[in-house]
Amino acid sequence: MRVRYHTPETLLLTKRELRSKVRTERRDMSDEQESPPPGSPEFWNWRYANEEYGYGVAPNDFVKAKVVSIGVQGDALEVACGEGRNAVFVAEQAAIRSVLGVDASVEGIRKTLALAEKRGVGGKVVATEADLGSYELGEARFDLVISTFAHLPPSIRPALHQRVVQAMRPGAHLVLEAYTPANVGRGAGGPQNPDMCMTLAALQHELRGLTFVEGREFEREVNEGDWHRGKAAVVQVYATKP
């Protein structure tokens, strides 16, 4: 059986080839003398290497509520899909044809595909290992874009968000949640560098071209697996493309 796994060169791998790639990544990490730098692909490979899902397998609360309420049809994208919990949830919606999950971690891709197969939507989910700093998303491809806690350096994020806008079809929806700088030091998860966090004002600029239907910064209890827990400071955005 072949799985729908794409490298940056869109090479289709068999499950055996994917397992070999994962083993190589793990061996490379074990040879390092120091812990991988936070936020790097090596860091996320290290963090996702076990079989447990650190953020759980349930979708993000905001994603679940918005996706159900707007009833999107067509094709979806998740930016920084991690272990796949949101991508798989979106794929489970009957009106969704396909979901593309993009992440820099081969371990995250492995777990995304495993969860999709387990939940019976393996045929809908495509997973791509890619550098989000340069990965081309195309134009007018998606009816829904999901981004939850996709904390990237400010040198990368604005250009990525403009590629996201370009990749959305007219009438498409964006659902985004992220930590704000006020979350640093709370112990609820997320980056501890405020430059890696997001604000509503910055997102309004970075996602120009979209209509912000909802946008707010506030505090809420986050309960997502073992790695996102506690009272957090977040920004939530629901936007559409005219």
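Counting from 1, residues in each chain are numbered in the order their sequence is written. Local features in this predicted model are restricted to residues whose pLDDT is 70 or higher, and side-chain atom pairs enter the listing and the counts only when it is 80 or higher, whereas totals over whole chains, interfaces and linings include all residues. Water and hydrogen atoms were dropped before computing side-chain values, which therefore reflect all heavy atoms in the structure.

What follows concerns the pairing of strand β4 (residues 96-103). Using a 1.4 Å probe on the protein chains alone, a residue whose accessible area is under 20% of its type maximum counts as buried, one over 50% counts as exposed, and one in between counts as partly exposed. Runs of H or I in DSSP of at least four residues are treated as helices and runs of E of at least two as strands, each being numbered from the N terminus. For β4, a buried count of 6 out of 8 residues is recorded, marking the element as mostly surrounded by other parts of the structure. In this sheet, β4 lies alongside strand β3 (residues 74-79) in parallel orientation, the contact comprising 6 bridges. When the bridges of β4 are listed, E78 appears paired with G101. The β-α-β motif built from β3, the intervening helix α4 (residues 85-91) and the parallel element β4 has right-handed crossover chirality. Handedness of a crossover is defined as follows: with both strands directed away from the viewer, a clockwise route from the first strand across the helix to the second makes it right-handed. Between the parallel elements β4 and strand β5 (residues 125-129), the chain passes through helix α5 (residues 106-118) in a crossover that is right-handed. DSSP bridges decide pairing: two strands pair if at least two such bridges lie between them.

Quick look at the packing of aromatic side chains now. Any pair of Phe, Tyr and Trp rings, taking the six-membered ring for Trp, is counted once the centres come within 6.5 Å. Such a pair is stacked with planes under 30 degrees apart, edge-to-face with planes over 60 apart, and tilted for the rest. The full count for this structure, using the stated rule, is 4 aromatic pairs. Here the aromatic rings of F149 and Y179 are separated by 4.5 Å at their centres, their planes lie at 35°, and the arrangement is tilted. On the criterion of sequence distance, the pair formed by F149 in the loop between β6 (142-148) and α6 (157-167) and Y179 in strand β7 (residues 168-179) is long-range, its members being 30 residues apart. Three or more aromatic residues joined by ring pairs form one cluster here, namely F43, W44, W46 and Y48.

Another aspect to go through is the side chain of D103. One can find D103 in strand β4. Charge assignment in this entry is limited to Lys and Arg as positive and Asp and Glu as negative, and neither His nor the chain termini are counted. Salt bridges, as used here, are contacts in which a Lys or Arg side-chain nitrogen is within 4 Å of a carboxyl oxygen on Asp or Glu. Here D103 sits buried without a salt bridge, and the closest side chain of opposite charge, R85, lies 10 Å off (N-O distance). Nitrogen and oxygen atoms within 3.5 Å of one another constitute a polar contact, given that in protein one can donate a hydrogen and the other can accept it, and given that sequence-neighbouring residues count only through two side-chain atoms. Here G82 takes part through its backbone nitrogen, which lies 2.8 Å from a polar atom of the side chain of D103.

Here the focus is α6. Among all positions in α6, only R157, L160, H161, R163, V164, V165 and A167 are buried. Among the structural elements, β3, β6, β7 and α7 (200-206) are those in contact with the buried residues of α6. It only takes one pair of heavy atoms within 4.5 Å for two residues to be counted as in contact.

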